[in-house]
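Structure at a glance
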Amino acid sequence: MKVAKLYSFSDIRIEDIPVPQIGSYDALIKTKACGICSGDVMPWYIEKKAPVVLGHEPVGEIVELGSALYHYNTPFSVGDKVFVHHHAPCLNCKYCNRGDYVQCNTWQNTKIIPGGISEYILIPETNLKNDTLKLPETMSYEDGTLIEPTACVVKSLKRASIKEGDTILIIGLGVMGQMHVLLAREFGAKKIIGADMIQFRLNKALEFGADHVIDISKENFIDRLKDLTNNFMADIVIVGPNSASAMQQGIKAVASGGTVVFFTPARPDEMLTIDPNYIYFRDINIVTSYSCGPDDTKKALRFISKGIVTAGKLVTHRFAIEETEKAYRLTAKAKDSLKCIIEFGDRQ
Ligand SMILES: [Zn+2]
Ligand SMILES: [Zn+2]
């Protein structure tokens, strides 16, 4: 079977490897589609995992189930359309009990084999039991690839603790920023403001429900935000770009009593300097949001089923597995693309 393997940021190869042999509690899927994650195009992040089979947003059809599963009333059958989460928690430890699934040791050590951009994928027992979801018959595989990234946004908006009527500012309107725009109102936001420097993205945000956009290449970001908020600034700020300077901007843009969400890590050599009294006397909350857990993927599936987040809105480019390199480069450049996905064989 073919896989797309990254050796370094500039070296992606299509290789032929054997289809994995499943154990008696595992399952095997024939991959139908897999998204390329905007997080996977941060060179320092992906290169520490290299060599690695790319992709962690796959959907597919179950083609084989481990023999023991038949004795355990598994909810899955051969032929099911499924979303598979690449990490799955134990659901038993201290972290899982608090809902902090991504801190669970099992979550951090589980993975699908060999990765998402692969013609077949082995789903280990824990992933199958604790974070594999059946797609509704009517949901397309393309829509299914959005479950994992949408779940990351669900978690981010949950951690933002939006109060009814809040103004939310979303800094960075790549695909993840656009998903925040699409979902913010579902979590209670009233006014949605997007900020970016690329016209295509600013237009998309307006199309997807943003009330205002700030073009930071042309406008003074803080002055414009003051105008749009009667000098209050934004109750909630989502920081998308992966840099400490974007985080600083986020802290400057938040209203007193408000919350800043760091949605993306900074680069590993950066430090964030904060004036503690600036945040103390304003009661500013800073929260992070790393990846997502099984509660978030279930909610994401519902938002996609309802048509709030769809491939029709967000998937701008589709590629065959042989073109993974091209898809990866386009995702890295972003510009006039939102989501790039790899499609396998017959489309549906
Ligand atoms: Zn992702
Ligand atoms: Zn756990």
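In the annotation of an unreviewed UniProt entry, the protein chain is listed under the name Sorbitol dehydrogenase and assigned to Dissulfurispira thermophila.

Quick look at the coordination of the zinc ion (ligand 1)
Coordination of the zinc ion (ligand 1) by the protein is provided by Cys-37 (SG), His-56 (NE2), Glu-57 (OE) and Glu-148 (OE), with metal-donor distances spanning 2.3 to 2.6 Å. Bound by 4 donor atoms, the zinc ion (ligand 1) shows angles of 86 to 168° at the metal and therefore irregular coordination geometry. Of note, the zinc ion (ligand 1) draws all its donor residues from one chain, in the sequence arrangement C-x18-H-E-x90-E. Linking His-56 in the loop between strand 4 (52–53) and strand 5 (58–65) with Glu-148 in helix 6 (residues 147–159), this pair joins segments that are 92 residues apart in sequence.

Some points on the sheet that holds strand 4
Adjacent strands of a sheet pair through backbone hydrogen bonds, lying either parallel or antiparallel. Spatially, 3 strands are ordered 2-1-4 in an open sheet, and the strand pairing comes out antiparallel. This sheet does not close on itself; its edge strands, each paired only once, are strand 2 (11–16) and strand 4. As paired strands, strand 1 (residues 2–8) and strand 4 are joined by 2 bridges and run antiparallel to one another. Its bridge partner being in strand 4, Leu-6 is matched across the sheet by Val-52. Helix 14 (residues 324–333) contacts strand 1 and strand 2 of the sheet and is inclined by roughly 150° relative to strand 2.

A look at the coordination of the zinc ion (ligand 2)
Binding of the zinc ion (ligand 2) to the protein goes through Cys-90 (SG), Cys-93 (SG), Cys-96 (SG) and Cys-104 (SG), at separations of 2.3 to 2.4 Å. Geometry at the zinc ion (ligand 2) is tetrahedral, judged from its 4 donor atoms and the angles of 105 to 114° they form at the metal. Looking at Cys-96, the relative accessible area reads 5%, which means it is buried.

As for the domain arrangement of the protein chain
Partitioning the protein chain into domains gives domain 1 (2–146 + 310–343) and domain 2 (152–288). With centres defined by C-alpha atoms, the gap from domain 1 to domain 2 works out at 29 Å. Taken together, the contact pairs 13 residues of domain 1 with 19 residues of domain 2. Interface area, domain 1 with domain 2, both sides summed: about 1,300 Å², of which 75% is carbon and sulfur. Per-residue buried area on domain 1 facing domain 2 is highest for Trp-44, Leu-314 and Leu-338; these three make up 40% of the total on that side. The tally of links from domain 1 across to domain 2 stands at 0 residue pairs in polar contact (both at pLDDT 80 or more). The residue makeup of the side of domain 1 that touches domain 2, split by class, is 7 nonpolar, 2 polar and 4 charged.

Topic: the UniProt feature "domain: Enoyl reductase (ER)" (unreviewed entry) in the protein chain
Under the UniProt annotation, the feature "domain: Enoyl reductase (ER)" (unreviewed entry) is placed at residues 7–342. Helix makes up 32% of residues 7–342 and strand 24%. Its end C-alpha atoms lie 19 Å apart.

Digging into the pattern of salt bridges
Counted according to the given criterion, the structure contains 19 salt bridges. The salt bridge involving Glu-219 is made with Arg-224; its shortest N-O contact spans 2.9 Å. A relative accessible area of 30% places Glu-219 in the partly exposed class. Given a relative accessible area of 24%, Arg-224 falls into the partly exposed group. One continuous salt-bridge network, built from bridges that share partners, spans Lys-158, Asp-295 and Asp-296.

Comments concerning the sheet that holds strand 13 (residues 254–262)
The strand order across the open sheet formed by 6 strands is 11-10-9-12-13-14, and the pairing between neighbours is parallel. Single-partner strands in this sheet number two, and they are strand 11 (212–215) and strand 14 (285–288). Each adjacent strand pair in this sheet contributes to an overall mean axis angle of 20°, direction not counted. Bridging between strand 10 (residues 191–196) and strand 11 involves 4 bridges; their strand directions are parallel. Residue pairing across strands places Ala-195 opposite Ile-214, the latter belonging to strand 11.

Section: the pairing of strand 5
In this sheet, strand 5 lies alongside strand 3 (residues 27–35) in antiparallel orientation, the contact comprising 7 bridges. Within strand 5, the position partnered with Lys-30 by the bridge is Glu-61. One ladder, built from 3 bridges, connects strand 5 with strand 6 (residues 81–84); its direction is antiparallel. Bridging across to strand 6, Val-59 finds its partner in Phe-83.

Description of the nonpolar core
Proteins that are soluble and globular tend to have nonpolar side chains buried together. Among the nonpolar cores identified, the biggest contains 49 residues, and Ile-168, Val-309 and Leu-314 are the most heavily contacted of them. Listed by contribution, the elements that provide at least two residues to this core are helix 6, strand 9 (167–171), helix 7 (175–184), helix 8 (199–207), strand 12 (234–239), helix 12 (294–305) and helix 13 (311–314). Per element, the largest residue contribution to this core is 7 residues, and it comes from helix 7. When residues are assigned to domains, this core turns out to be shared by domain 1 (2–146 + 310–343) and domain 2 (152–288), each giving three or more. Discounting chain neighbours no more than four positions away, the residues touching Val-309 are Leu-146, Thr-150, Met-179, Leu-182, Leu-183, Phe-303, Ile-304 and Leu-314. Formed by 23 residues, the second largest nonpolar core is a distinct cluster that contains Leu-228, Met-233, Ala-234 and Val-237.

Definitions and limits used
- Residues numbered from 1 in each chain as written.
- Chains lettered and ligands numbered in written order.
- Predicted model: local features only at pLDDT ≥ 70, side-chain atom pairs only at ≥ 80, totals over all residues.
- Heavy atoms only, no water.
- Donors = N, O, S within 2.8 Å, 3.2 Å for Na, K, Ca; no water.
- Tetrahedral: all angles 85-135°; square planar, octahedral: opposite > 155°, others 65-115°.
- Helix = DSSP H or I, 4+ residues; strand = E, 2+ residues; numbered from the N terminus.
- Pairing = 2+ DSSP bridges.
- Contact = heavy atoms within 4.5 Å.
- Axes fitted to C-alpha atoms, helices over the stretch in contact; angles between N-to-C directions.
- Buried < 20%, exposed > 50% of the residue type's maximum accessible area, 1.4 Å probe, protein only.
- Domains from an automatic or database assignment.
- Buried area = accessible area lost by both parts, 1.4 Å probe.
- Polar contact = N/O pair within 3.5 Å; in protein donor to acceptor, adjacent residues only side chain to side chain.
- Nonpolar A, V, L, I, M, F, W, Y, C, P; charged D, E, K, R; others polar.
- UniProt positions renumbered as here; feature names shortened; annotations may be inferred.
- Salt bridge = Lys/Arg side-chain N within 4 Å of Asp/Glu carboxyl O.
- Core = buried A, V, L, I, M, F, W, Y, C linked by side-chain atoms within 4.5 Å.

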